Amino acid sequence: MPPVGDAPAAEQTAYLPPQAAVTPGEDPAEAPGEPQEITSWSPPTLAGNTLRAVDPAQARAEGRSPIIDPGPQSAILTAVLGLLLAVAAALGQYALLLPLIALQGLTAAGWFRLNGMWPARQGIALAFAGALVADVAVLAVDPMYGPGAIVGTLGAWVLLTLVLQLRSHADPDERMYGLMASVASAALAIICAGYLAADSAAATVGAAAVAVAVFARALPLPTAPSVGVSLAAAAGAGIAVGGLTSVGTGGALIGLAAGVCALVGLRVAAYDYPSKFVHMTAGVALPLAAAAPAVYLIGRVVG
């Protein structure tokens, strides 16, 4: 029996790092088995990284941001889709349907991929079907009941999603994660119908403001000035487009609110090392989807 205070030899060597043989003339510090001390780290950043890292946890440990902004390509696509929504809204509700359905499809697919759930065909189809039902409901009722049609569809789809998830045989944690992703995807796709329920002039101003705000945010500027330029551009676009419609100078308020929501959606789409597919779906759709409620509400205020 070993004396008190002395550990067996196995315990004394249990946690020693593996030793590698060192050849004559070789620096022991360069032996392959020895852990190397890291003397420098990447500088922290709030603007996001331009290259995708292998592991977000590794980047956080190195002091780097887990944010990658979608970039100019998705900004151009968002601007194009926003301008299509603006022009279509000026032509009428039925003309607005085509770009709106494209926005809802991108929103449903992008949200699942942003959450790392792919393929998720049933969830995407369910969210997209809810968006189509919301569109039909808004068109079927009087304009003053448009918000009620959207909220009613949203409530019905939350209940439907809950019932379908309860029938799943997955683990409880996976089932809860799938439920949250499905509800959020359906909610975002459904609230896009706010452009359809809003006054056509407000929808035109809001969509144009989002297009300009996202494009300005993609310019190669530091973060704080870029945000300021983006919001100023959104407000300016609201004034310019509002002057062409019945909104008038109230378009500045719609443009500013839509710009703030667009930047929030853009930030969400940039989180946690998203893939290129995320940038081309959620990065394009979330700025416009997030602005839809603000376009309707502020449009009612200034109208």
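Residues numbered from 1 in each chain as written. Predicted model: local features only at pLDDT ≥ 70, side-chain atom pairs only at ≥ 80, totals over all residues. Heavy atoms only, no water.

### Description of the overall build of the protein
In step 1: Within the protein, the secondary structure is distributed over 12 helices and 0 strands.
In step 2: For the protein, the N- to C-terminal ordering of α and β elements is α-α-α-α-α-α-α-α-α-α-α-α.
In step 3: Here the protein holds 303 residues, and the buried ones make up 43% of them.
In step 4: Sequence-distant contacts, at least 24 apart, represent 69% of the contacts inside the protein between residues at least 6 apart.
In step 5: For the protein, the exposed area adds up to about 15900 Å²; of that, 68% sits on carbon and sulfur atoms. (Helix = DSSP H or I, 4+ residues; strand = E, 2+ residues; numbered from the N terminus. Buried < 20%, exposed > 50% of the residue type's maximum accessible area, 1.4 Å probe, protein only. Contact = heavy atoms within 4.5 Å. Areas by Shrake-Rupley, 256 points an atom, 1.4 Å probe, with all protein chains shown as cover.)

### Observations concerning the confidence of the model for the protein
In step 1: Within the protein, residue pLDDT values average 81, and 76% of them lie at 70 or more.
In step 2: For the protein, the element scoring lowest by mean pLDDT is helix α1 (residues 9-12), at 43; helix α9 (residues 200-217) scores highest, at 95.
In step 3: Contacts from residues 1-18, a stretch scored under 50 in pLDDT, to residues over four places away or in other chains number 2 contacts.
In step 4: For residues 27-54, every residue scores under 50 in pLDDT, and the model assigns this stretch 42 contacts once sequence neighbours within four places are set aside. (pLDDT = per-residue confidence, 0-100.)

### Considering helix α11 (residues 251-269)
In step 1: Taking 1.5 Å of rise per residue, the 19 residues of α11 would be expected to cover 27 Å, and the 26 Å separating its terminal C-alpha atoms lies within 8% of that figure.
In step 2: Regarding α11, the residues found buried are Gly 251, Ala 252, Ile 254, Gly 255, Ala 257, Ala 258, Gly 259, Ala 262, Leu 263, Gly 265, Leu 266 and Ala 269.
In step 3: Buried residues along α11 sit against α4 (93-114), α9, α10 (223-244) and α12 (276-302). (Expected span 1.5 Å × (residues − 1).)

### Description of the environment of Leu 85
In step 1: On the secondary structure map, Leu 85 appears in helix α3 (residues 72-91).
In step 2: For the pair Leu 85 and Tyr 195, spaced 110 residues apart in the sequence, the C-alpha separation amounts to 8.5 Å.
In step 3: Not counting chain neighbours up to four residues away, the residues in contact with Leu 85 comprise Leu 96, Pro 99, Leu 100, Leu 103, Ala 207 and Leu 288.

### Concerning a nonpolar patch on the surface
In step 1: A grouping of Ile 76, Val 80, Leu 84, Phe 215, Leu 219, Leu 221 and Val 229 is seen on the molecular surface, where their side chains present a nonpolar patch of about 590 Å² in accessible area.
In step 2: Per-element accounting of the nonpolar patch gives the leading share, 3 residues, to α3.
In step 3: Along the chain, the position of Ile 76 falls in helix α3. (Patch = residues over 30% accessible without salt bridge, like charges linked within 9 Å, V, L, I, M, F, W, Y side chains within 5 Å. Salt bridge = Lys/Arg side-chain N within 4 Å of Asp/Glu carboxyl O.)

### Some details on the packing of helix α5 (residues 121-140) against helix α7 (residues 172-191)
In step 1: Viewed as axis vectors pointing N to C, α5 and α7 meet at an angle of 30°, and their least axial separation amounts to 8 Å. When the axes of α5 and α7 are compared, the pair comes out roughly parallel. Of the two elements, α5 crosses α7, and the hand of that crossing is right-handed. Here Ala 127, Gly 130, Ala 131 and Ala 134 of α5 come into contact with α7, specifically with Ser 185, Ala 186, Ala 189 and Ile 190.
In step 2: Across the contact of α5 with α7, the residue classes break down as 6 nonpolar, 2 polar and no charged. (Axes fitted to C-alpha atoms, helices over the stretch in contact; angles between N-to-C directions. Parallel < 35°, antiparallel > 145°, perpendicular 65-115°, else oblique. Left-handed = near helix turned anticlockwise from the far one by under 90°. Nonpolar A, V, L, I, M, F, W, Y, C, P; charged D, E, K, R; others polar.)

### A short note on the environment of Phe 215
In step 1: Along the chain, Phe 215 falls in helix α9.
In step 2: In this structure Phe 215 comes out as partly exposed when scored by relative accessible area, which is 46%.
In step 3: Sequence separation between Phe 215 and Ala 75 is 140 residues, and the spatial gap between their C-alpha atoms is 5.3 Å.

### As for α3
In step 1: Helix length check: α3, at 20 residues, gives a terminal C-alpha distance of 29 Å against a target of 28 Å (1.5 Å per residue), a fit within 8%.
In step 2: Those residues of α3 that fall on the buried side of the exposure criterion are Ser 74, Ala 75, Thr 78, Ala 79, Leu 81, Gly 82, Leu 85, Ala 86, Ala 88 and Ala 89.
In step 3: Contacts from the buried residues of α3 go to α4, α9 and α12.
In step 4: Looking one or two places after α3, you find Gly 92, whose phi comes out positive at around 135°.

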